[in-house]
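The primary structure of each chain is shown beneath.
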Amino acid sequence: MAHSHSVGFREIFMRSALPNVFAAALCSVFFALCISALAGTSAKYRLDTLAEDLDYPWGLAFLPDGGILITELGGTLRLLSPDGTLGSPIEGVPAVYRASQGGLFDVLLDPDFARNQTLYLSYAAGDSDQNGTTVARAALRNGRLQDVSVIFTTNPSKYAPLHYGGRMILLPDDSILLTTGDGFDFREQAQVVESELGKTIRILRDGSATGNPFEQAPRVWSFGHRNPQGLAIAKDGTVYQHEHGPRGGDEVNIILPALNYGWPAATYGIDYNGALISPYQELEGMEPPIHHWTPSIAPSGLAIYEADVFPEWKNSLFVGALVDREVRRLQLSDAQVIAEETLFSELDSRIRDIRVGPDGLLYILTDGVGGALIQVRPSHAPSVAAPGAE
């Protein structure tokens, strides 16, 4: 097993020399313009609204029967039935800490859901003194959650209702990956392996942990993250993650166990007040992003498109942009970004999540009061269809 690779951030900062940040910024802008110019002609599509008047929707999951589960930040879980009916909030959802960025986050189906009706919810739990990212396991039976049990609570807790992460995926071995944020006021904890703030966490479906890289931190998979709100896995097992930078420096990374992704010792962003966070954009022993944005787009939600319905978009990452109110398509080649395209800006909405359905279509959640679930279909498609219907 690997041991701690923690970095003394203050020590690094104090003994360093300032790089030419202006030259670096110009290079970043030039590279971004080149990448944008490479983007090809987009596929032709239409946008159909499947559900509206949602209350800060955050995550979704596709049910085997064609229904869709949708989380709302305030602590409600909704079912959109295959016939398009949006149900009342499902009973039995655990209590969440709803403050600022805190609330109910993601929903993930167990790989044996068709047999056991088990799902997982990530959410903020606690109060204004102590709170953190939490995962509960439950069974969806007779229209309500039953047998609810907490299987993960971030250690240590924090007071700030900010930077929770909260995205989940299943790995090929059916274990769960979960992102946690640095808690905003505790960013140096991202470089402390033993802390579960600012990490990618890997747990088994019962909440236990085995086979992870750090003996002293048995649930930690990777570290050095700020606030990751996008997580997706390709068919070949490659795990992609994006995270919010501060003022600039939003990142897309390929996540591997035991690696350090830099925050806050290395970042392309600066603090909100304009102060320098680190003199380094990259450091030896820390993984650089495969793509980054300055100014920030505030990425939330991530999908990798490997279906055939939109052949022009195959092998692309789709990233929701909260601030820019659009979606960014990142064309991949050998797991590297070779082109970037802006899509769906006609929605003029903050994008909270984006997924690929089992039907090969894209599904978008817009953020806020009056949020909506949007289905992206080929322009020649005759009508709206449920995700399991094709």
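The notes below deal with the structure included here. Since this is a predicted model, take the numbers as computed values, not measurements. (Residues numbered from 1 in each chain as written. Predicted model: local features only at pLDDT ≥ 70, side-chain atom pairs only at ≥ 80, totals over all residues. Heavy atoms only, no water.)

### Considerations on the environment of leucine 231
Heads up, the condition is: Going along the chain from the N terminus, every DSSP run of H or I of four or more residues is numbered as a helix, and every run of E of two or more is numbered as a strand.
The residue leucine 231 is located in strand 13 (residues 228-233) in this model. In the structure, leucine 231 is positioned 72 residues away from alanine 303 in sequence and 7.5 Å away in space, judged by C-alpha atoms.

### Points about the pattern of salt bridges
Filter applied, for reference: By salt bridge we mean one thing: a side-chain nitrogen of Lys or Arg within 4 Å of a carboxyl oxygen of Asp or Glu. Using a 1.4 Å probe on the protein chains alone, a residue whose accessible area is under 20% of its type maximum counts as buried, one over 50% counts as exposed, and one in between counts as partly exposed.
Here the structure, examined in full by the defined rule, presents 22 salt bridges. A salt bridge links arginine 167 to aspartate 106; the shortest N-O distance between them is 4.0 Å. With arginine 167 in the loop between strand 8 (144-153) and strand 9 (168-170) and aspartate 106 in strand 5 (residues 104-109), this residue pair connects regions lying 61 residues apart in the sequence. Like aspartate 106, arginine 167 is buried. Where aspartate 147 meets arginine 141, a salt bridge forms, and the shortest distance between an N and an O atom there is 2.8 Å.

### As for the environment of leucine 317
Cut-off, in case you're wondering: It only takes one pair of heavy atoms within 4.5 Å for two residues to be counted as in contact.
Of note, leucine 317 is situated in strand 18 (residues 316-321). You can call leucine 317 buried: its relative accessible area is 0%. A sequence separation of 85 residues divides leucine 317 from alanine 232, and the C-alpha atoms of the two residues are 8.8 Å apart. Leucine 317 has contacts with Tyr240, Val252, Leu302, Ala303, Ile304, Arg328, Arg329, Leu330 and Leu332, leaving out every residue within four places of it along the chain.

### Quick word on the nonpolar core
The condition is simple: Think of a nonpolar core as a cluster: buried Ala, Val, Leu, Ile, Met, Phe, Trp, Tyr and Cys residues, connected wherever their side-chain atoms sit within 4.5 Å.
Of all hydrophobic cores here, the largest spans 30 residues; its most connected members are Ile68, Trp313, Phe318, Phe344, Leu362, Ile364 and Leu373. Of all elements in the fold, only strand 1 (45-55), strand 2 (57-62), strand 3 (68-72), strand 17 (299-305), strand 21 (351-356), strand 22 (362-366) and strand 23 (369-378) reach the threshold of two or more residues within this core. In this structure, leucine 373 is in contact with Asp48, Thr49, Leu50, Ala51, Leu54, Leu60, Ile68, Ile70, Leu80, Tyr363, Ile364 and Leu365, ignoring residues within four places of it in sequence. Counting 17 residues, the second largest nonpolar core, distinct from the first, contains Ile90, Leu109, Leu121 and Tyr123.

### Observations regarding the packing of aromatic side chains
Heads up, the condition is: Pairing of aromatic rings covers Phe, Tyr and the six-membered ring of Trp, with a centre-to-centre limit of 6.5 Å; geometry is then stacked below 30 degrees between planes, edge-to-face above 60, and tilted otherwise. Two conditions define a charge located above a ring, namely a distance within 6 Å from the ring centre to NZ of Lys or CZ of Arg, and an angle within 35 degrees of the ring normal.
If you walk through the whole model with that rule in mind, you get 13 aromatic pairs. Ring centres of phenylalanine 310 and tryptophan 313 lie 4.4 Å apart, and the angle between their planes is 25 degrees; on these two criteria the pair is classed as stacked. For the pair shown, phenylalanine 310 and tryptophan 313 are each scored as buried. Taken together, Tyr45, Tyr305, Phe310, Trp313, Phe318 and Phe344 form an aromatic cluster joined through their ring pairs. The ring centre of tyrosine 164 lies 3.7 Å from the NZ or CZ of lysine 158, which sits over that ring. We note arginine 226 situated over the ring of tryptophan 263; from NZ or CZ to the ring centre the distance is 5.4 Å.

### Side note on the pairing of strand 2
What counts here: Strand pairing is defined by DSSP finding a minimum of two bridges between the two strands.
The buried fraction of strand 2 amounts to 6 of the 6 residues, a majority that puts the element mostly inside the structure. In this sheet, strand 3 lies alongside strand 2 in antiparallel orientation, the contact comprising 5 bridges. Of the residues in strand 3, the one forming a bridge with glycine 59 is threonine 71. Remark: 5 residues form the turn of the hairpin made by strand 2 and strand 3, two consecutive strands paired antiparallel; glycine 66 in that turn has positive phi of roughly 100 degrees.

### What to know about the sheet that holds strand 12 (residues 220-223)
Note the cut-off: Here, axes are lines fitted to C-alpha atoms. For helices the fit covers the stretch in contact, and angles between N-to-C directions go from 0 to 180 degrees.
Taken in spatial order, the 4 strands line up as 9-10-11-12 in an open sheet, and their pairing is antiparallel. Looking at which strands have only one partner, the edges of the open sheet turn out to be strand 9 and strand 12. Here the strands of the sheet are splayed against their neighbours by 20 degrees on average, with no regard to which way each runs. Pairing of strand 10 (residues 176-179) with strand 11 (residues 199-203) involves 4 bridges; the strand directions are antiparallel. By the bridge assignment for strand 11, leucine 177 is matched with arginine 202.

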